[in-house]
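# Topology and contacts: notes
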Amino acid sequence: MLKNSYLKKWIEDMAALTNPKEVVLIDGSEEQLEALRREAVASGEIIKLNEEKLPGCYLHRSAQNDVARVEDRTFICTRSKDDAGPTNNWMDPKEAYEKLGKLFKGSMTGRTMYVIPYSMGQIGSPFAKIGVELTDSIYVVLSMNIMTRIGEKVLEALGDSDDFVKGLHSKAQLDAENRYICHFPEDNTIWSVNSGYGGNVLLGKKCFALRIASYLGKKENWMAEHMLILGIQNPQGEVKYICAAFPSACGKTNLAMLIPPEIYRKQGYKVWCVGDDIAWLRIGPDGRLWAINPENGFFGVAPGTNAKSNPNALETTRRNTIFTNVVYDADNGTVWWEGLDKDPPKNAINWKGEKWDPASGEKGAHPNSRFTAPARNCPCISPEFDNPQGVPISAIIFGGRRAKTAPLVYQSFDWEHGVFVGSIMASETTAAAAGKVGVVRRDPMAMLPFCGYHMGDYFAHWLEMGKKIPNPPKIFNVNWFRTDDEGNFIWPGYGDNMRVLMWILDRCEGKAKAVETPIGYEPLPEDIETEGLSIGTDTIKELLKVDPALWKEEIKGIKEFYAKFGSRLPKELLKQLEALEDRINKAE
Ligand code: OXD
Ligand code: MN
């Protein structure tokens, strides 16, 4: 069945290494997928949920030591250590192939190796790239079917070419001590072993569409970014598109699917979701920057998703969805998680598979429990979702969780300053990655865990792209998470974030005024719509305050962070930092 000789040879080599009992090509047919679902239900790998209430939905539980991305075990394996840069773990490719080769040796004995041809991006799109994942996990096959475009049609598009990302995954023994996620950007290769958690094993997502793709983007003049893409349609039917980068679990999926506040709804505004996590960006023939979402589904965080925070996401998960590590309602065959409603199931099984008493004080769902749902299920999925040309981007937004320092919104002075603003992003850590929660960390462009090469070179690539895009998007920064003295969020967030997006779009169209501050352009407080909110213009004024003392502290942190990059930090960014310091000193 396989005609591509490169693919055939590679599969043979990997099968010789891992020793599966059989090799099965995933053709993408519903018949084959359904047989795999039945097999995984029979083996207990997944649980079929109530067909009437949640048609086509399943529950999966990962191993208890395997519930999040493992950044300390994620490596960029370039021949030169310097090319991975100071923000990535590095392993010599020779050493990595040897070390992981030992772990892969015989790891599929008695198991089936599934061959999943997949496309990131609409097949045939000038943006699209092909990967093939070899895995011993049916959960991976079923999840890749949701998250990407898979099967025969991908092989047809690949033809005889050797231009595909080679991904090898084995659950092996799920041994946390020997868990490795290794990327070989120079070989178009990813090896992942001893994990079953989505972020580590659905190789099309973070591993390919961000780490490998960012490296390819630098080489090929495009960009792979950790960004949502949304469209705002005005009452005249025109749609303007925005990309936004936030660190993990800052509400990206919520923003991507937001429902406009009533004031905009009644005027006829609509919001369309193109993507919630990753954007691939290219310069279009018209000189603008165009974006696609290379994925085909959402791998969203379940806790906190509810009818108020994100009704569209909730609706998206009502069919053909795989839930991971949520609570199982054993009476109804449905699922539950903290923050869904105030009504945990009576006969509840927690994410570990144990009987769970909601009064116990322990959480029932893992804080990083997930849903894997088809993008097509989303009620606000953009009509342009499948457009192979992508959508033109008017604005790029950066943001993070900052209790005090960053104002609600500001605009960069120009592209170069915008790159600086992205490079100094910082946020409090969350449960999406293993490790401490609540610590502030620098996360440039929200790409810290996802940049497949030296981050200094990545900044340089952003600066270069700015010179090449004749009509670049405007760059902004937002912070939905400013708190009062009691630690309560001041800004209402969720759908009301659209009020800020409206100012941003008005700026892009040259319609809104701005005031110049030491850090960038800010709105006049009265230009942020507050009708229907419990806060007024005075509070907006507070939210826009820039405190020079806090920014002096911030500058210290930026200097420390920048020092890591040595001579590979573009001088333009150092100049931007000096200019900021100057403006802050003058403002004091
Ligand atoms: C994610 C992330 O999208 O951690 O899962 O960023
Ligand atoms: Mn993400």
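Residues numbered from 1 in each chain as written. Chains lettered and ligands numbered in written order. Predicted model: local features only at pLDDT ≥ 70, side-chain atom pairs only at ≥ 80, totals over all residues. Heavy atoms only, no water.

- For the chain, an unreviewed UniProt entry supplies the name Phosphoenolpyruvate carboxykinase [GTP] and the organism [Clostridium] cellulosi.
- For the chain, the Function (unreviewed entry) comment in UniProt is given as "Catalyzes the conversion of oxaloacetate (OAA) to phosphoenolpyruvate (PEP), the rate-limiting step in the metabolic pathway that produces glucose from lactate and other precursors derived from the citric acid cycle." (UniProt positions renumbered as here; feature names shortened; annotations may be inferred.)

## Comments concerning the pattern of salt bridges
- Here the structure, examined in full by the defined rule, presents 32 salt bridges.
- In this structure, Arg-568 and Asp-82 form a salt bridge, with 3.3 Å as the shortest nitrogen-oxygen distance. A residue pair is termed long-range when its members are at least 10 positions apart, and Arg-568 in the loop between α15 (548-563) and α16 (571-587) and Asp-82 in the loop between β4 (74-76) and β5 (89-90) qualify at 486 residues.
- Judged by relative accessible area, which is 23%, Arg-568 ranks as partly exposed.
- Asp-82 sits in the partly exposed class, given a relative accessible area of 47%.
- Across the pair Lys-586 and Asp-582 runs a salt bridge, and its minimum N-O distance is 3.3 Å. Here the residue Lys-586 and the residue Asp-582 both occupy positions in helix α16, the gap between them amounting to four residues, near one helical turn. (Salt bridge = Lys/Arg side-chain N within 4 Å of Asp/Glu carboxyl O. Helix = DSSP H or I, 4+ residues; strand = E, 2+ residues; numbered from the N terminus. Buried < 20%, exposed > 50% of the residue type's maximum accessible area, 1.4 Å probe, protein only.)

## Thoughts on the coordination of the manganese ion (ligand 2)
- Of the protein atoms, only Lys-206 (NZ), His-226 (NE2) and Asp-277 (OD) coordinate the manganese ion (ligand 2), at distances of 2.1 to 2.2 Å.
- Sequence positions of the residues that donate to the manganese ion (ligand 2) give the spacing K-x19-H-x50-D. With a gap of 51 residues between them, His-226 in the loop between β12 (223-225) and β13 (227-233) and Asp-277 in the loop between β15 (270-275) and β16 (279-283) connect regions that are remote in the sequence.
- On the accessibility criterion, His-226 (1% relative accessible area) is buried. (Donors = N, O, S within 2.8 Å, 3.2 Å for Na, K, Ca; no water.)

## Some words on the domain arrangement of the chain
- The domain boundaries assigned to the chain delineate domain 1 (5-45 + 70-220), domain 2 (225-296 + 384-587) and domain 3 (298-377).
- Its C-alpha centre places domain 1 at a distance of 28 Å from the equivalent point of domain 3.
- Both sides of the domain 1 and domain 3 interface together cover about 760 Å² of buried area, and 72% of this is carbon and sulfur.
- Looking at the side of domain 1 facing domain 3, the largest losses of area belong to Tyr-139, Ile-146 and Tyr-197, adding up to 63% of the total buried there.
- One can count three residue pairs in polar contact (both at pLDDT 80 or more) joining domain 1 with domain 3.
- Of all the secondary structure elements, the ones that give two or more residues to the side of domain 1 that touches domain 3 are α4 (138-147) and α6 (198-201).
- Tallying contributions element by element places α4 first for the side of domain 1 that touches domain 3, with five residues. (Domains from an automatic or database assignment. Buried area = accessible area lost by both parts, 1.4 Å probe. Polar contact = N/O pair within 3.5 Å; in protein donor to acceptor, adjacent residues only side chain to side chain.)

## With respect to unusual backbone geometry
- Even without being glycine, Asn-194 reaches a positive phi, approximately 75 degrees.
- Note on placement: Asn-194 falls in the loop between β11 (189-193) and α6.
- Here the phi dihedral of Ala-446 falls at roughly 60 degrees; this positive angle occurs in a residue that is not glycine.
- Along the chain, Ala-446 falls in the loop between β28 (440-442) and α12 (455-468).

## A few points about the packing of aromatic side chains
- On inspection of all chains with the given rule, the structure shows 24 aromatic pairs.
- One aromatic cluster is present, built from ring pairs that chain together Tyr-453, Tyr-458, Phe-459, Phe-561 and Phe-565. (Phe/Tyr/Trp six-rings, centres within 6.5 Å; stacked < 30°, edge-to-face > 60°.)

## Considerations on the site of ligand 1
- Residues in contact with ligand 1 amount to eight residues; listed here are only the nearest, Arg-69, Lys-206, His-226, Ser-248 and Arg-370.
- A distance of 3.2 Å separates an oxygen atom of ligand 1 from a polar atom in the side chain of His-226.
- In the model, an oxygen atom of ligand 1 is placed 2.9 Å from a nitrogen or oxygen of the Arg-370 side chain.
- Summarising the interface, the protein chains cover 92% of the accessible area of ligand 1, which totals 210 Å² for the free molecule. (Near = heavy atom within 4 Å. Areas by Shrake-Rupley, 256 points an atom, 1.4 Å probe, with all protein chains shown as cover.)

## Comments concerning α12
- With 14 residues, α12 ought to run about 20 Å at 1.5 Å a step, and its terminal C-alpha atoms sit 20 Å apart, in line with that.
- In terms of burial, α12 is a largely internal element, ten of the 14 residues being buried.
- Listed as buried for α12 are Met-455, Gly-456, Asp-457, Tyr-458, Phe-459, His-461, Trp-462, Leu-463, Met-465 and Gly-466. (Expected span 1.5 Å × (residues − 1).)

## Examining the UniProt feature "binding site: substrate" (unreviewed entry) in the chain
- Within the UniProt annotation, "binding site: substrate" (unreviewed entry) is assigned to Arg-69, Tyr-197, Gly-198, Gly-199, Ser-248, Asn-368, Ser-369 and Arg-370.
- Residue contacts for Tyr-197: discarding those within four places in its chain leaves Asp-66, Val-67, Ala-68, Arg-69, Phe-299, Asn-368 and Arg-370.
- Tracing the backbone through its elements, the reader meets Ser-369 in the loop between β23 (355-356) and β24 (370-374).
- Among all residues touching Ser-369, those that are not within four sequence positions of it are Gly-300, Val-301, Ala-302, Pro-303, Thr-324, Asn-325 and Val-326. (Contact = heavy atoms within 4.5 Å.)

## Thoughts on the environment of Lys-94
- Among the secondary structure elements, Lys-94 is positioned in helix α3 (residues 93-104).
- Take Lys-94: its relative accessible area is 59%, and that puts it in the exposed class.
- Spatially, the C-alpha atoms of Lys-94 and Val-24 are 29 Å apart, while their sequence positions differ by 70 residues.

## Let's talk about the nonpolar core
- Grouped together as the largest cluster of nonpolar side chains are 93 residues, with contacts concentrated most on Trp-280, Ile-396, Phe-398 and Trp-462.
- Among the domains, domain 1 (5-45 + 70-220) and domain 2 (225-296 + 384-587) are the pair contributing at least three residues each to this core.
- Leu-230, Tyr-328, Ile-349 and Trp-356 belong to the second-largest nonpolar core, a separate cluster that totals 66 residues. (Core = buried A, V, L, I, M, F, W, Y, C linked by side-chain atoms within 4.5 Å.)

## Examining the side chain of Thr-316
- Inspection of the secondary structure assignment puts Thr-316 in helix α10 (residues 311-316).
- In this structure the side chain of Thr-316 is engaged in a polar contact, spanning 2.5 Å, whose partner is the backbone oxygen of Asn-312.
- Among residues more than four places away in sequence, those in contact with Thr-316 are Phe-298, Thr-321, Ala-373, Pro-374, Asn-377, Cys-378 and Pro-379.

## Focus on the sheet that holds β23
- With respect to topology, four strands assemble into an open sheet ordered β21-β20-β22-β23, the strand pairing being antiparallel. Each edge of the sheet is formed by a strand with only one pairing partner; in this case those strands are β21 (334-336) and β23.
- Sheet analysis places strand β22 (residues 348-349) next to β23, joined by two bridges and oriented antiparallel. When the bridges of β23 are listed, Ala-348 appears paired with Trp-356. (Pairing = 2+ DSSP bridges.)

## Here's the deal with the side chain of Ser-143
- Checked against the element boundaries, Ser-143 lands in helix α4.
- On the accessibility criterion, Ser-143 (0% relative accessible area) is buried.
- A polar side-chain atom of Ser-143 sits 2.8 Å from the main-chain carbonyl oxygen of Tyr-139.
- If sequence neighbours within four positions are ignored, Ser-143 has contacts with Leu-202, Ile-322 and Thr-372.

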